[in-house]
Amino acid sequence: MKIMHITETVTGGIASYLDEIVERQVQEFGISNIRFVVPEGSAGELKRVPHCTIMPFTRRRRGIFSFIHYAYQVFNIVKAENPDIIHAHSTFAGLASRLLFGGKRHVRLVYCAHGWAFLQNTASWKKTLYANIESILGHYTDVFINPSKNELRKSAAAGISQEKSLLIYHGIGERRGELKKLGFPTDRLNLLFVGRFDTQKGFDILFEAMKKLTALPCHLYVIGASVLEKVEYESNSNVTFLGWLPRDELDSYYNAVDAIVMPSRWEAFGLTALEAMRNSVAVIASTAGALPEVVSTNETGLVYPYNNAECLAETLAALDRETLAIWGANGFKRYRDLFTAERMNNELIALYRCLVERADVRTLRTSEVCQPGVAK
């Protein structure tokens, strides 16, 4: 069985996702049967993907001619490699893959949007357009993978075939490497934000909340920067900006803080929450998207109404280290029960085998492997 993963970008969560699935798939199918179509020069973002499995393409600034050039390259790569399964990741990769190869008998097509475009914070007419496009392309898709119940429910409401839709929660592997002792002060609550400063991730909301907490023993460490939107933030006495850090250093920072904060405006899943829970750290998250599924409020952290800096400030002001430690311990158990890479990989491999054997994927719904709408 030959699997080809097709992307248009590997920034952020997609890179983490591919790193979590590659080792198991190489072990299961052999290194010569796993391929990753990724932007030229992006291999450095994939820490565990063997270089020999990468099929690079040249990427241009997004636009209609750029997309045509991208699709042409994807067509040639797929034609040369002749995979049994194409697993497309994110909107543009899913669009190109399904327009080129959807409905072909010699290849089965799996698509994970990693966040439906019609759920983003955009104009209503765009949401309707994106939903209609996805519904039409559903005729050329063998399986839709949804990383959360929220995505599954919203896809059903948008008219996407639920006969072809599966829930497979994202998962991450156990922590690797040694931790560095960072020596953060213990006479205050230490908080952490990890991610882009773009509208989706809601850092501006968190920054405004921190301005209201300057009189309290509370400090925020920030790992990240602007990516899609160029935004600058002035210095603040209770906020320390660290910039982007290597992924293998993040666990040290998770372990040095009392809680992480995820003020997202929309979120398909939220891998940062899993990284925190793996390190026994409480998660303070907005009610956006799938975050209330990942974070069990008053058990592994708290959720608060999204897009509300005042409410977030009140939530942070009420935190105490003892409760956060209990939530962090509970979070580690929740991670081990629901969100491991082993569980995710078992479900993906079962799906691939089902597709190649031309079995009805609906049989997976009653198995212990994949059940749409049911958390494992």
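Residues numbered from 1 in each chain as written. Predicted model: local features only at pLDDT ≥ 70, side-chain atom pairs only at ≥ 80, totals over all residues. Heavy atoms only, no water.

## Here we look at the overall build of the protein
Broken down by element type, the protein carries twelve helices and 13 strands. Taking 21 Å as the expected radius of gyration for a compact globule of 376 residues, we find that the protein reaches 21 Å, a close match to that expectation. By principal-axis analysis of the C-alpha atoms, the protein measures approximately 65 × 45 × 40 Å. Excluding contacts between residues fewer than 6 apart, the proportion of contacts in the protein whose partners are at least 24 apart in sequence is 66%. Element-wise, carbon and sulfur atoms account for 51% of the exposed surface of the protein, whose accessible area totals about 16,500 Å². (Helix = DSSP H or I, 4+ residues; strand = E, 2+ residues; numbered from the N terminus. Rg over C-alpha atoms; globule rule 2.2 N^0.38 Å. Contact = heavy atoms within 4.5 Å. Areas by Shrake-Rupley, 256 points an atom, 1.4 Å probe, with all protein chains shown as cover.)

## Let's talk about the pairing of strand 6 (residues 143-146)
By the alternation rule, side chains of strand 6 split into V143 and I145 and F144 and N146, which are all buried. The sheet contact formed by strand 5 (residues 108-112) and strand 6 spans two bridges and is parallel. If you follow V110 over to strand 6, its bridge partner there is V143. In this view, the connection linking strand 5 to its parallel neighbour strand 6 by way of helix 4 (residues 124-137) has right-handed handedness. Note: strand 6 against strand 7 (residues 165-167), three bridges, orientation parallel. (Buried < 20%, exposed > 50% of the residue type's maximum accessible area, 1.4 Å probe, protein only. Pairing = 2+ DSSP bridges. Right-handed = clockwise from strand over helix to strand, strands pointing away.)

## Describing the nonpolar core
L18, I145, L348 and L351 are the most contacted members of the largest nonpolar core, which has 32 residues in total. Looking at this core, the elements with two or more residues in it are helix 1 (13-29), strand 2 (34-39), strand 5, strand 6 and helix 12 (341-356). Here the element with the most residues in this core is helix 12; it accounts for eight residues. Setting aside its immediate chain neighbours within four residues, L18 contacts H5, T7, V10, F36, L46, V49 and H89. (Core = buried A, V, L, I, M, F, W, Y, C linked by side-chain atoms within 4.5 Å.)

## Points about the sheet that holds strand 12 (residues 282-286)
Note: strands within a sheet are paired through backbone hydrogen bonds, in either parallel or antiparallel orientation. The strand order across the open sheet formed by six strands is 10-9-8-11-12-13, and the pairing between neighbours is parallel. The strands lining the two open edges of the sheet, one partner per strand, are strand 10 (239-243) and strand 13 (301-304). With direction set aside, neighbouring strand axes in the sheet form an average angle of 20°. Relative to strand 9 (residues 218-223), strand 8 (residues 189-194) is paired through six bridges, and the arrangement is parallel. When the bridges of strand 9 are listed, L192 appears paired with Y221. Across the sheet, helix 11 (residues 321-338) lies against strand 8, strand 11 (259-262), strand 12 and strand 13, angled at about 90° from strand 12, the strand it touches most. (Axes fitted to C-alpha atoms, helices over the stretch in contact; angles between N-to-C directions.)

## Considering the confidence of the model for the protein
With 96% of its residues at a pLDDT of 70 or more, the protein shows a mean pLDDT of 90. Every residue in residues 366-376 is under pLDDT 50, and counting partners more than four places away or in other chains gives 31 contacts. (pLDDT = per-residue confidence, 0-100.)

## Comments concerning helix 10 (residues 309-317)
Residues of helix 10 that are buried: A309, C311, L312, A313, T315 and L316. Turning to helix 10, the residues buried within the fold contact strand 8, helix 6 (203-211), strand 11, strand 12 and strand 13. With a side-chain oxygen lying 3.2 Å from the backbone nitrogen of E310, the N-terminal cap of helix 10 falls on N308. (Polar contact = N/O pair within 3.5 Å; in protein donor to acceptor, adjacent residues only side chain to side chain.)

## Focus on the packing of aromatic side chains
The geometry of an aromatic ring pair comes down to the distance between the two centres and the angle between the two planes. Taken as a whole and judged by the stated rule, the model has 22 aromatic pairs. An angle of 5° between the planes, with centres 3.9 Å apart, marks the rings of F184 and Y221 as stacked. Residue F184 is found in the loop between strand 7 and strand 8, and its partner Y221 is found in strand 9; the two are separated by 37 residues along the sequence. Owing to a relative accessible area of 15%, F184 belongs among the buried residues under this scheme. Y221 gets classed as buried once you look at its relative accessible area, which sits at 7%. (Phe/Tyr/Trp six-rings, centres within 6.5 Å; stacked < 30°, edge-to-face > 60°.)

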